[in-house]
Amino acid sequence: MNLTDTAAPLQESLLTVLRHVLPAKPFIPLHEPEFAGNEWNYVKECIDTGWVSSVGKYVEEFERRIEQFTGAPHAVVTVNGTAALHVALVLAGVGAGDEVIIPALSFVATANAVVHAGGVPHFVDCELDTLGIDPVALRDYLERIVERRSGNTYNRVTGRRIAALVPMHVFGHPTDIDGLLAVSKDFNIPLVEDAAESLGSYYHGRHTGNFGVCAALSFNGNKVVTTGGGGAILTGDPEIARMAKHLTTTAKRPHAWEFQHDQVAWNYRMPNLNAALGCAQLERLPDMLKRKKELAARYRVALSAIKGVRFIDQPEGCDSNFWLNAFLLDTPDMALRDRLLGALNGAGFMARPTWGLLNKLPMYTQCPSAAVTNAERIEASLINIPSSPGLVGNSDAQHG
Ligand SMILES: *Cc1c(COP(=O)(O)O)cnc(C)c1O
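Let me sum up the structure you'll find in this document.

Basis of the calculations
Residues numbered from 1 in each chain as written. Predicted model: local features only at pLDDT ≥ 70, side-chain atom pairs only at ≥ 80, totals over all residues. Heavy atoms only, no water. Helix = DSSP H or I, 4+ residues; strand = E, 2+ residues; numbered from the N terminus. Rg over C-alpha atoms; globule rule 2.2 N^0.38 Å. Buried < 20%, exposed > 50% of the residue type's maximum accessible area, 1.4 Å probe, protein only. Contact = heavy atoms within 4.5 Å. Lys, Arg positive; Asp, Glu negative; His and termini not counted. Charge placed at Lys NZ, Arg CZ, Asp CG, Glu CD. Expected span 1.5 Å × (residues − 1). Polar contact = N/O pair within 3.5 Å; in protein donor to acceptor, adjacent residues only side chain to side chain. Near = heavy atom within 4 Å. Areas by Shrake-Rupley, 256 points an atom, 1.4 Å probe, with all protein chains shown as cover. Pairing = 2+ DSSP bridges. Axes fitted to C-alpha atoms, helices over the stretch in contact; angles between N-to-C directions. Core = buried A, V, L, I, M, F, W, Y, C linked by side-chain atoms within 4.5 Å. Phe/Tyr/Trp six-rings, centres within 6.5 Å; stacked < 30°, edge-to-face > 60°. Lys NZ or Arg CZ within 6 Å of the ring centre and 35° of its normal.

1. Quick notes on the overall build of the protein
A count of helices and strands for the protein gives 12 helices and 15 strands. For the protein, the C-alpha radius of gyration of 22 Å lies close to 21 Å, the compact-globule estimate for 400 residues. Based on the C-alpha atoms only, the size of the protein along its principal axes is roughly 70 × 60 × 35 Å. Residue burial in the protein is summarised as follows: out of 400 residues, 55% are buried. Considering only residue pairs separated by 6 or more positions, the protein has 71% of its internal contacts joining residues 24 or more positions apart. Side-chain charges of the protein comprise 35 positive and 42 negative groups, with the mean position of each set lying 2 Å from the other.

2. Topic: helix H3 (residues 57–70)
Taking 1.5 Å of rise per residue, the 14 residues of H3 would be expected to cover 20 Å, and the 20 Å separating its terminal C-alpha atoms lies within 8% of that figure. All of the buried residues in H3 are Tyr58, Val59, Phe62, Glu63, Ile66, Glu67 and Thr70. Following H3 by one or two positions, Gly71 adopts a phi angle in the positive range, close to 80°.

3. Some points on the side chain of Thr235
You can see Thr235 is positioned in strand E11 (residues 231–235). In terms of polar contacts, Thr235 uses its side chain to reach the backbone carbonyl oxygen of Val213, at 3.0 Å. Within the structure, Thr235 has its side chain in polar contact with the backbone nitrogen of Asp237 (distance 3.1 Å).

4. Observations regarding unusual backbone geometry
Residues other than glycine seldom take positive phi values, yet Leu131 does so here, at roughly 75°. When its relative accessible area of 0% is taken as the criterion, Leu131 is described as buried. A positive phi angle, close to 50°, is found at Ala251, a residue other than glycine. Topologically, Ala251 is positioned in the loop between helix H8 (238–248) and helix H9 (272–283).

5. Overview of the site of the ligand
Residues in contact with the ligand amount to 15 residues; listed here are only the nearest, Gly81, Thr82, Glu197, Ser218 and Lys223. Interatomic distance of 2.8 Å between a backbone N/O atom of Gly81 and an oxygen atom of the ligand. In this structure, an oxygen atom belonging to the ligand sits 2.5 Å away from a side-chain N or O atom of Glu197. Protein coverage of the free-state accessible area of the ligand, which is 380 Å², stands at 92%. Of all the secondary-structure elements, those providing two or more residues to the shell around the ligand are helix H4 (81–91) and helix H5 (108–116).

6. Concerning the side chain of Ser218
Of note, Ser218 is situated in strand E10 (residues 214–218). Among all residues touching Ser218, those that are not within four sequence positions of it are Gly81, Ala196, Lys223, Val225, Gly230 and Gly231.

7. Digging into the sheet that holds strand E7 (residues 192–194)
Strand order in the open sheet formed by 4 strands is E1-E11-E10-E7, and the pairing between neighbours is mixed. The open sheet has two edge strands with one neighbour each: strand E1 (74–78) and E7. Geometrically, the sheet is characterised by an average inter-axis angle of 20° between neighbouring strands, direction not taken into account. Together, E1, E7, E10 and E11 form the strand contacts of H4, whose direction differs from that of E10 by roughly 170°.

8. Overview of the pairing of E10
With 5 of 5 residues buried, E10 is to be regarded as a mostly interior element. Because side chains alternate across E10, one face comprises the buried residues Cys214, Ala216 and Ser218, and the other comprises Ala215 and Leu217, equally buried. Here E7 pairs with E10 via 3 bridges, running parallel. When the sheet's bridge partners are listed, Asp194 is paired in E10 with Ala216.

9. What about the sheet that holds strand E13 (residues 318–319)?
Pairing is antiparallel across the open sheet formed by 3 strands, whose spatial order is E9-E8-E13. Edge positions in the open sheet fall to strand E9 (206–207) and E13, since each of these has one partner strand only. Relative to E13, strand E8 (residues 202–203) is paired through 2 bridges, and the arrangement is antiparallel. For Tyr203, the partnering residue across the bridge sits in E13 and is Cys318.

10. Considerations on the nonpolar core
Judged by nonpolar contacts, the single largest core of 81 residues is most densely connected at Phe62, Ile66, Leu89, Phe171 and Phe219. Ranked by residues supplied to this core, first place goes to H4 with 7 residues. Counting 30 residues, the second-largest nonpolar core is a separate cluster that includes Leu14, Leu15, Leu303 and Phe349.

11. Structural notes on the packing of aromatic side chains
In this structure the tally under the stated criterion is 7 aromatic pairs. Ring geometry for Phe311 versus Phe322: centroids 6.3 Å apart, planes at 5°, classification stacked. One end of the pair, Phe311, is in strand E12 (residues 309–311); the other, Phe322, is in the loop between E13 and strand E14 (325–329), and 11 residues separate them in sequence. Comparing Phe311 with Phe322, the two get one shared label, buried. Lys252 extends its terminal NZ or CZ atom over the ring of Phe259, reaching a point 5.2 Å from the ring centre.

Put into structure tokens, the structure is as follows:
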């Protein structure tokens, strides 16, 4: 059998599904932001009043609204999600030379944040259903490689301390948090959630980002809610929240006019202009989530009729934001994947593969890694398809 013979019917079925589910347009991006509420009013107010930068009412307002939406006791907003994760790791205790367990299947920012915090990424495998870190494989792996000394957990092979475990909720689907929290507890490794993709996603009724020491959100342009660029640190610990604010605002001691700083810190504060956009976006999040879920439901039904693919659905007991819809080929096959990607993109439906695995990126090949066979399988079989909320008709959007 040659590739053309086997792939042609699958390719045709997928194009039929996308034509059926999506509106008729020359090109449909993967994820477009939607500005249909108070965005313009709030941003204009910043410009009209001159409060565009590091002082202004929207920063605090946005933080309170994030707390309200996620149920997190404390939110501290930042310039982007990478910065939020960087500082979250520092606050969880990651320091120079520490190893941090992260999934091989993630966006590069997860690994970069570890290095920015002085650490070394240590890659592990994922599950085939949630796409997040596999807690069973992780426990088994750690049992083989770690040793405990004076309350800390060390990698016996490298001699480095393992200072944090960073699960990521892939494409918005909550990962097996209970399983990972048990590993975190049993091995005494603090858990920090990379919740960059999962605003609006719930694990057994509780919003993601509320399970570890702290968590990071992202408001990049392609995420569910955007501030242009932005992020947030979530935590239940008031002292961590206080330090998060301090470290992201140059460690300036509060004073009416004096400039006094008490440690080396970062200028990671989110500008008022971006926070204004965020406040308006958050007001429309429930409506955007409703339409994203409707889109996912249409894909679920349409893709279930195609043999050879599986729609990636929300895990049992979870409520996902369906940030990016995706399907898996039953048989991992990079050539087939790329042929289908070519056909979908060629027909005006933006589709993309998942990230190249982090353990294979040139700057990370020397880092420790478990066997990542599931991640490799997913890399060779996953395709993301258009997921913007605007692809499902909305009643209350104002255009112009
Ligand atoms: C988007 C994202 C981030 C943060 O990205 P920024 O662009 O810095 O906001 C971190 N981790 C994951 C998994 C992401 O998808």
